[in-house]
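Summary of structural features
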Amino acid sequence: MKKNIKNFDIDDLKEELKALGEKPFRAEQIFKWIYQDRANSFDEMTNLSLDLRKKLDENYSLGLFNIEKKLVSVDGTRKYLFDVQDEDKNLIESVLMEYHHGYTICVTSQFGCKMGCKFCASTGIPFGGNLSPGQIIEQILEIEKDTGVKISNIVFMGVGEPLDNFDNVLKAIEIINNPKGLNIGARHISISTSGLVPKIYELADRKMQCTLSVSLHASNNNTRSSMMPVNNAYPIEELMKACKYYIEKTNKRISFEYALAKDNNDNLEDAKDLVKLLQGMLCHVNLIPINKIDSGKYTKSTNESIIKFRDYLNNHGIVATIRRELGSDIAAACGQLRKQNINKE
Ligand code: SAH
């Protein structure tokens, strides 16, 4: 099987070329063809010899996707269903959202997810493995190609647990950051995690400059464990310790996500516990009205309790905002991505 050339950063590509008996500087040229000129075939890379183009074509693919389906929301949000065109018919979803500050893409990092969060539509999809770095990047390239827009922000909030696909996600980010690659700065990238504590320490030690979002969703272990099985492995105290370490090492603010579900985690007691938990931390709380999924027992909190919850946090020194819901009419809002639904359609 051909290797996806988008799995390689420039330095890796130099090694690949050396192994083919080629000069390493060709790597820069190829990189430019891929990320600046957006070539769709090796044949277009006209400053490479015919012989090299042929060699590349024999050994590598450009990892292009097929758009299986595209849905456009009334608010302009677009959801794409891609066939990643590897040996199986693997389908993934990505979402493009427009904000006043630019376009944000929500990318998928795994074929399914192992975390099993009870409120998330990705739960229950048979897990099909990790996306490669090239498959993560291709979501951006394909959407830019299809829409002609320039994406300015990337959030790893599609299907999958990005820190469970650590190496590939970090490699993709390297290529995305590279000024000769997609040239999108780390500050414009958010990684969202359900709370894989050892990986949070690893990110901290690498002084990762991306924004870290932590899906907290509850301020006590009982409630959190009932919503997120990962809390049994890494309870709140350990998660908070890792988050504090991360803040200390990177000097970066953590964004805590908190999906509000009626009578589950949305009363003032929960807000009080949350204030105690986050007091003094460099952080921000993103309140998400939970999206009801078919199999889920959770329903959205009322607007009134969401606002009360936010105000309580804000009045007690914790900066909290309510996330605007985009794309819910095309099942593209938080936690709604589920490739199997679309398979069946
Ligand atoms: N696995 C990662 C990233 C994917 S989900 C994580 O857990 O953070 C991105 C965000 O959407 C997470 O905060 C997740 O908890 C949240 N989410 C999942 N299902 C949701 C739902 N039904 N309603 C609201 N938010 C949801």
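The preceding data block contains the structure.
Residues numbered from 1 in each chain as written. Predicted model: local features only at pLDDT ≥ 70, side-chain atom pairs only at ≥ 80, totals over all residues. Heavy atoms only, no water.

Things to note about the state of the cysteines
Overall, the coordinates contain zero disulfides when judged by the stated rule. This cysteine, cysteine 243, is not joined by any disulfide, and cysteine 283 carries the nearest cysteine sulfur, 9.1 Å off. (Disulfide = S-S within 2.5 Å.)

Thoughts on helix α11 (residues 303–315)
Compared with the 18 Å implied by 1.5 Å per residue over 13 residues, the 18 Å span of α11 between its first and last C-alpha is a close match. Residues of α11 that are buried: Ser305, Ile306, Phe309, Tyr312 and Leu313. Along the long axis of α11, the arc covered by the buried residues comes to 130 degrees, so they all point the same way. For α11, exposure combined with an orientation more than 90 degrees from the buried face picks out Asn303, Glu304 and Asn315. Where α11 is buried, its residues meet β10 (254–260), α10 (268–278), β11 (283–289) and β12 (320–322). Just past α11, the residue glycine 317 takes up positive phi, approximately 85 degrees. (Helix = DSSP H or I, 4+ residues; strand = E, 2+ residues; numbered from the N terminus. Expected span 1.5 Å × (residues − 1). Buried < 20%, exposed > 50% of the residue type's maximum accessible area, 1.4 Å probe, protein only. Arc of directions from axis to C-beta. Contact = heavy atoms within 4.5 Å.)

Regarding the site of the ligand
Close to the ligand lie 19 residues, the nearest being Phe119, Ser192, Ser215, His217 and Asn291. With respect to the ligand, the side chain of glutamate 161 contributes an N or O atom lying 3.2 Å from a nitrogen atom. At a separation of 2.6 Å, an oxygen atom of the ligand approaches a polar side-chain atom of histidine 217. Relative to its unbound accessible area of 540 Å², the ligand is 96% covered by the protein chains. Grouping the amino acids of the shell around the ligand by side-chain chemistry returns eight nonpolar, nine polar and two charged. (Near = heavy atom within 4 Å. Polar contact = N/O pair within 3.5 Å; in protein donor to acceptor, adjacent residues only side chain to side chain. Areas by Shrake-Rupley, 256 points an atom, 1.4 Å probe, with all protein chains shown as cover. Nonpolar A, V, L, I, M, F, W, Y, C, P; charged D, E, K, R; others polar.)

Description of the nonpolar core
Counting 101 residues, the largest nonpolar core has Ile154, Phe256 and Leu278 as the members making the most contacts within it. Contact partners of isoleucine 154, with chain neighbours within four places excluded, come to Ile105, Val107, Ile140, Ile176, Ile184, His188, Ile189 and Ser190. Within the second largest apolar cluster, nine residues are counted, among which are Met97, Val159, Leu326 and Leu337. (Core = buried A, V, L, I, M, F, W, Y, C linked by side-chain atoms within 4.5 Å.)

Observations concerning the environment of lysine 180
As for its placement among the helices and strands, lysine 180 is situated in the loop between α5 (166–177) and β8 (189–193). Considering only alpha carbons, one finds lysine 180 and phenylalanine 31, 149 residues apart in sequence, at a separation of 7.1 Å. When near neighbours in sequence (up to four residues on either side) are disregarded, lysine 180 contacts Ile10, Glu28, Phe31, Tyr35 and Gln36. Of the polar contacts made by the side chain of lysine 180, one reaches the side chain of glutamate 28; its length is 2.7 Å.

As for the sheet that holds β8
Strand order across the open sheet formed by ten strands is β3-β4-β5-β6-β7-β8-β9-β10-β11-β12, with mixed pairing between neighbours. Edge positions in the open sheet fall to β3 (66–72) and β12, since each of these has one partner strand only. On average, each strand axis in the sheet is inclined to that of its neighbour by 25 degrees, with strand direction left out of account. Across six bridges, β3 lies against strand β4 (residues 78–83) in antiparallel orientation. Bridging from a neighbouring strand, lysine 69 pairs with leucine 81 of β4. Contacts from helix α9 (residues 236–250) reach β9 (211–215) and β10 within the one sheet, and its direction differs from that of β10 by about 145 degrees. (Pairing = 2+ DSSP bridges. Axes fitted to C-alpha atoms, helices over the stretch in contact; angles between N-to-C directions.)

Quick notes on the packing of aromatic side chains
What the rule picks out here adds up to seven aromatic pairs. Ring geometry for phenylalanine 65 versus phenylalanine 82: centroids 5.3 Å apart, planes at 45 degrees, classification tilted. In this pair, phenylalanine 65 sits in the loop between β2 (60–61) and β3 while phenylalanine 82 sits in strand β4, placing the two residues 17 residues apart along the sequence. Its relative accessible area of 6% is what places phenylalanine 65 among the buried residues. Residue class for phenylalanine 82 comes out buried when judged on its relative accessible area of 0%. Where tyrosine 201 meets tyrosine 245, the ring centres are 5.0 Å apart and the plane angle is 55 degrees; that geometry is what we call tilted. Of this pair, tyrosine 201 sits in helix α6 (residues 197–205) while tyrosine 245 sits in helix α9; the two residues are 44 residues apart in sequence, bridging distant segments of the chain. Through a chain of ring-to-ring contacts, three or more aromatic side chains come together here, namely Phe65, Tyr80 and Phe82. Sitting over the face of the ring of phenylalanine 166, lysine 199 holds its NZ or CZ atom 4.8 Å from the ring centroid. (Phe/Tyr/Trp six-rings, centres within 6.5 Å; stacked < 30°, edge-to-face > 60°. Lys NZ or Arg CZ within 6 Å of the ring centre and 35° of its normal.)

Notes on the pairing of strand β6 (residues 102–106)
The buried count for β6 comes to four of five residues, which makes it a mostly enclosed element. Note: strand β5 (residues 91–99) against β6, five bridges, orientation antiparallel. Within the sheet, the bridge partner assigned to leucine 96 lies in β6 and is isoleucine 105. One ladder, built from four bridges, connects β6 with strand β7 (residues 151–156); its direction is parallel. Within β7, the position partnered with isoleucine 105 by the bridge is isoleucine 154.

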